[in-house]
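Given next are the chains, with one letter for each unit.
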Amino acid sequence: MPAVTVDNPLTLPRVAATADAVARPVLGVTTAPSGFEGEGFPVRRAFAGIHYRHLDPFIMMDQMGEVDYPAGAPKGTPWHPHRGFETVTYIIDGTFIHQDSNGGGGTITNGDTQWMTAGSGLLHIETPPESLVKSGGLFHGLQLWVNLPAKDKMKDPRYQDIRGGQVQLLTSPDGGALLRVIAGGLDGHQGPGITHTPITMIHATLAPGAEITLPWSKEYNALAYVLAGRGSVGAERRPIHLGQTAVFGSGSSLTVRADEKQDSNAPDLEVVLLGGQPIREPMEHYGPFVMNTREELQQAFDDFQKGRLGTIPAVHGMSEHGL
């Protein structure tokens, strides 16, 4: 069960698209392949196989877990560089500690989001706390990469730690859905995340049989990724389930519905809704760098190799060569 919830959604503001809204059609549904990231934690590659023209300004998204680790098994990432984009790490269950070469960092847990604007570049690490490594336990989250326009790619790095209690909570007219607005706006209600690139990020929980039809900016793209459960998307009710992403076409509203019957281990439909204003600039992506040209990518690698993106803090007993 997601950490951020309410006993009675009907106490929350209610949102719904207007009757004259133009429904966005479903262009396609893809299934995320599974893999491993960092030191070996399991992920689903949510956007694999989707053309960038449908993703812009989003680059990639990994569903981390859901996994119930035995004692001694929790894993994180080694030190790694970033430049030219923003990473959004949303922890649904569990705890992650993040730290960077500039001295920034913190702990995010159950419903928290860490929004890191890498900008001109830094070194970064994400690890489970020692207590979780010793005890084991549930770990489940998302990491989303959001592109930056050329004018913002070399800005100074910035952090936002968004606590679960800060997200804007909304519901559908009948109270069948709980909407957590992490960033951007929905029907005039604003989430806490501050973004360089205009986007909306929502984690929605739909009870069995519940349906939402939400207003959606005509200027934004629209994606829905299923974290758990099964349901359908669009007015045409295209089936969708755990690990699948729906890509919507143009319009001013989108519809998601939960099946009447859900799996016993996932009583509700859990879905992440994403929309953003396309940047429409050339994009070159390789590894941890997202730039506009191949020359800028090469410069990022050169800067990293020469230590210009920072060095690992000595307190970790590692040198730059430890990478």
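Our structure's up above, just so we're on the same page.
K.L.:
I'd like a description of the layout of surface pockets, backed by residues and values.
P.N.:
Empty space among the atoms can be located by rolling a probe the size of a water molecule over them. Taken as a whole, the largest pocket holds about 400 Å³ of empty space. Around the largest pocket, the lining comprises 23 residues; the ones closest to its centre are Glu 66, Leu 227, Ala 228, Asn 265 and Ala 266. Of all the elements in the fold, those that place two or more residues in the lining of the largest pocket are β4 (58-69), β6 (85-93), β11 (137-147) and β19 (223-228). Examining the composition of the lining of the largest pocket, we find that 3 residues originate from one element, β4, more than from any other. By volume, the second largest pocket amounts to about 260 Å³. Lining of the second largest pocket is provided by 15 residues; of these, Glu 37, Gly 38, Thr 77, His 80 and Gln 143 occupy positions nearest its centre. Counting residues per element, the ones that place at least two in the lining of the second largest pocket are β4, β5 (80-82) and β11.

K.L.:
If you had to explain the pattern of salt bridges to someone new, which residues and values would you point to?
P.N.:
If charged atoms from side chains of opposite charge come close, those side chains can pair. Enumeration over the complete set of coordinates arrives at 13 salt bridges. Between Arg 45 and Asp 62 there is a salt bridge whose closest N-O contact spans 2.5 Å. In this pair, Arg 45 is assigned in strand β3 (residues 41-45) and Asp 62 in strand β4, connecting sequence segments 17 residues apart. Using a relative accessible area of 26% as the deciding quantity, one classes Arg 45 as partly exposed. Classification of Asp 62 as buried rests on a relative accessible area of 5%. A salt bridge links Arg 257 to Glu 260, with the nearest nitrogen and oxygen atoms 3.3 Å apart. Each of the salt bridges in this network shares a partner with another, and the network as a whole consists of Glu 211, Arg 237, Arg 257 and Glu 260.

K.L.:
Quick one: what's the story with the sheet that holds strand β18 (residues 211-215), residue by residue and with numbers?
P.N.:
Strand order in the open sheet formed by 4 strands is β18-β23-β20-β21, with antiparallel pairing between adjacent strands. In this open sheet, the two edge strands, each paired with only one partner strand, are β18 and β21 (238-241). Neighbouring strand axes in the sheet, compared pairwise and without regard to direction, differ in orientation by 25° on average. Bridge count for strand β20 (residues 230-233) against strand β23 (residues 253-258) is 3 bridges, and the pairing is antiparallel. Bridging across to β23, Gly 231 finds its partner in Ala 258.

The rules behind these values
- Residues numbered from 1 in each chain as written.
- Predicted model: local features only at pLDDT ≥ 70, side-chain atom pairs only at ≥ 80, totals over all residues.
- Heavy atoms only, no water.
- 1 Å grid on protein atoms, 1.4 Å probe; cavity = no way out; pocket = protein on both sides within 12 Å on 5 of 7 lines; lining within 4 Å.
- Points joined across faces, edges and corners; volume = space filled by probe spheres on them.
- Helix = DSSP H or I, 4+ residues; strand = E, 2+ residues; numbered from the N terminus.
- Salt bridge = Lys/Arg side-chain N within 4 Å of Asp/Glu carboxyl O.
- Buried < 20%, exposed > 50% of the residue type's maximum accessible area, 1.4 Å probe, protein only.
- Pairing = 2+ DSSP bridges.
- Axes fitted to C-alpha atoms, helices over the stretch in contact; angles between N-to-C directions.

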